[in-house]
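Coordinate analysis (summary)
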Amino acid sequence: MMLRRMACMFSLLCGFSLPASAEMIALTHARLIDGTGAAPKYPVTLLINDRLIEGVLPDAPAPKGYRVVNLQGMTVLPGFINAHVHNAYREEALQEWLRGGVTAVRDLGAYPSPTIIATRDRLNQSGRNALLISATPLIGPPEGYGRVGVATPEEGLAEVESAYARGYEVLKLAIEDDLQGRRWPVLDQEVAKAMSARAHQLGMPVAAHISHVRLLPMAIEAGVDELSHMVVEPLAESQAKDIAARGIAWVPTLELWQGVQNRHGGSWLNVAVENTGVFHRAGGTIALGTDCDGYTTPFDHGFPKTEVLLLKRAGLSLMDIIV
């Protein structure tokens, strides 16, 4: 599935359309960045057969039977992934992302809907849409931050089981007590821990919405796989190293914090950028995500240029950002 979309991405960058029927295409004289962090390779020939990439060869004459497309002076790289978006269950949005070089997006918390998974599956049938990955609606305590409330471990486990059965791919928990000018009750620690453990048994990664340093120990204790949003109080180097050592990834959504700072003042972005740098230097795993359409501030649609520039400001190299 991803290879097919990578091939489609190459077609868009190179200015030609891959045919719907099987055809063998050789992209020659290309500079290749493969997304692993390895140095660019030049020149190479990429062989595409029936819309799948079947090989990368040192630059050479194309094998017999391949239609040749000369990419002299052009760079080929895998499509970007936006790991945190909203309002993505729309063909026009997915096509705009794909045209911008983003071949996959995760909608990290839509409104509850009985038809949303069927909509995702229909949209994912098209090779002209970015691949759409579905997280559960944001789950928190009753009357807390989120769209679904659970009060006990039993209620939490039932929600995880139901989400898995319906076809959601990521469990998203709200670990939040103070945001948008409101105070919220926090998800019970034992509930969060039980839900995370059951999700892992079912093969579902767990993302935690978080924005405050004081709540990081709860997320860590719950056993989440990733933190969504960079915290907006200073992050200690020791805490960053602990999170990195545990293999917990972080999606900083710096574009969100830029929008919040521009609209409301304060130093949300400045602190988040500094913290992202602290986590990066600690060896932490960072995933690119913007929170596109998750708040009432402007966001890039298509290629996440703002997020890339902000990650660079945080100290990541361009190759770090591609990885």
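Residues numbered from 1 in each chain as written. Predicted model: local features only at pLDDT ≥ 70, side-chain atom pairs only at ≥ 80, totals over all residues. Heavy atoms only, no water.

1. A closer look at the overall build of the chain
Convention followed: The helix count covers DSSP runs of H or I at least four residues long, the strand count covers runs of E at least two residues long, and both are numbered beginning at the N terminus. Throughout, radius of gyration means the C-alpha value; the globule benchmark is 2.2 Å times the number of residues raised to the power 0.38. The contact criterion used is simple: two residues touch if any of their non-hydrogen atoms lie within 4.5 Å. The Shrake-Rupley method, run with a 1.4 Å probe sphere, supplies the accessible areas, and residue values consider only the shown protein chains as cover. Two residue types count as positive, namely Lys and Arg, and two as negative, namely Asp and Glu; His and chain ends fall outside the count. Positions of charges follow a simple convention, taking NZ of Lys, CZ of Arg, CG of Asp or CD of Glu.
Along its length, the chain carries 11 helices and 16 strands. By the compact-globule yardstick of 20 Å for 323 residues, the chain fits well, its C-alpha radius of gyration being 21 Å. Taken along the three principal axes of its C-alpha coordinates, the chain extends 65 × 40 × 35 Å. Within the chain, residue pairs in contact and separated by at least 24 positions form 65% of the contacts whose partners lie at least 6 positions apart. Carbon and sulfur atoms provide 54% of the accessible area of the chain, an area that totals close to 14,000 Å². Averaged over its 28 positive side-chain charges, the chain has a centre that lies 6 Å from the centre of its 34 negative ones.

2. Quick word on the sheet that holds strand β6 (residues 80-85)
Put simply, the test is: Two strands are counted as paired when DSSP detects at least two bridges linking them. All axes here are fitted lines through C-alpha atoms, helices being fitted over the stretch that makes contact, and every angle between N-to-C directions spans 0 to 180 degrees.
Read from one edge of the open sheet, three strands run β6-β7-β8, paired in parallel fashion. Single-partner strands in this sheet number two, and they are β6 and β8 (131-134). The mean angle between the axes of side-by-side strands here comes to 20 degrees, regardless of whether they run parallel or antiparallel. The sheet strands contacting helix α2 (residues 91-99) are β6, β7 (102-107) and β8, and the helix crosses β7 at an angle near 135 degrees.

3. Things to note about the packing of helix α8 (residues 254-264) against helix α9 (residues 268-281)
Rule in force here: Oblique is the label for any angle not under 35 degrees, not over 145, and not in the 65 to 115 range, which are roughly parallel, roughly antiparallel and roughly perpendicular in turn. The nonpolar class holds Ala, Val, Leu, Ile, Met, Phe, Trp, Tyr, Cys and Pro. Asp, Glu, Lys and Arg form the charged class, and all remaining residues, Gly among them, are polar.
In the contact formed by α8 and α9, the axes pass within 7 Å of each other and the chain directions differ by 155 degrees. Judged on the interaxial angle alone, α9 and α8 are roughly antiparallel. Here Leu 254, Trp 257, Gln 258, Val 260 and Gln 261 of α8 come into contact with α9, specifically with Trp 268, Leu 269, Asn 270, Ala 272, Val 273 and Thr 276. Class assignment of the residues belonging to the contact of α8 with α9 gives a composition of seven nonpolar, four polar and no charged.

4. What about the pairing of strand β11 (residues 171-174)?
Rule in force here: Residue exposure (1.4 Å probe, protein chains only): buried if accessible area is under 20% of the type maximum, exposed if over 50%, otherwise partly exposed.
Residues Leu 171 and Leu 173 point to one face of β11 and Lys 172 and Ala 174 to the other, with burial holding for every one of them. In this structure, β11 lies alongside strand β14 (residues 206-209), joined through four bridges in parallel fashion. Its bridge partner being in β14, Leu 171 is matched across the sheet by Val 206.

5. As for the packing of aromatic side chains
The criterion, for reference: Pairing of aromatic side chains here covers Phe, Tyr and the six-membered ring of Trp, requires ring centres within 6.5 Å, and sorts the geometry by plane angle: under 30 degrees stacked, over 60 edge-to-face, intermediate tilted.
Considering all chains together, one arrives at four aromatic pairs under this definition. The interplanar angle of 75 degrees and the centroid separation of 5.1 Å between the aromatic rings of Phe 80 and Phe 303 together place this pair among those described as edge-to-face. Separated by 223 residues along the polypeptide, Phe 80 in strand β6 and Phe 303 in the loop between α9 and α10 (305-313) bring together distant segments of the chain. Judged by relative accessible area, Phe 80 falls into the buried class, the value being 13%. Taken together, a centroid distance of 5.3 Å and an interplanar angle of 20 degrees make the contact between Trp 257 and Trp 268 stacked. Of this pair, Trp 257 sits in helix α8 while Trp 268 sits in helix α9, placing them 11 residues apart in sequence.

6. A short note on the pattern of salt bridges
Close approach of charged atoms allows side chains with opposite charge to pair. The cut-off we apply is this: Salt bridge, as used here, is a side-chain nitrogen of Lys or Arg placed within 4 Å of a carboxyl oxygen of Asp or Glu.
Taken as a whole and judged by the stated rule, the model has 12 salt bridges. Its salt-bridge partner being Arg 90, residue Glu 92 comes within 3.4 Å of it at the nearest N-O pair. A residue is classified by how much of its surface remains accessible, and Arg 90, at 26% relative accessible area, is partly exposed. In this structure, Arg 214 and Asp 177 form a salt bridge, with 2.9 Å as the shortest nitrogen-oxygen distance. On the criterion of sequence distance, the pair formed by Arg 214 in the loop between β14 and α6 (216-222) and Asp 177 in the loop between β11 and β12 (178-179) is long-range, its members being 37 residues apart. Through salt bridges with shared partners, one network takes in Arg 120, Asp 121 and Glu 169.

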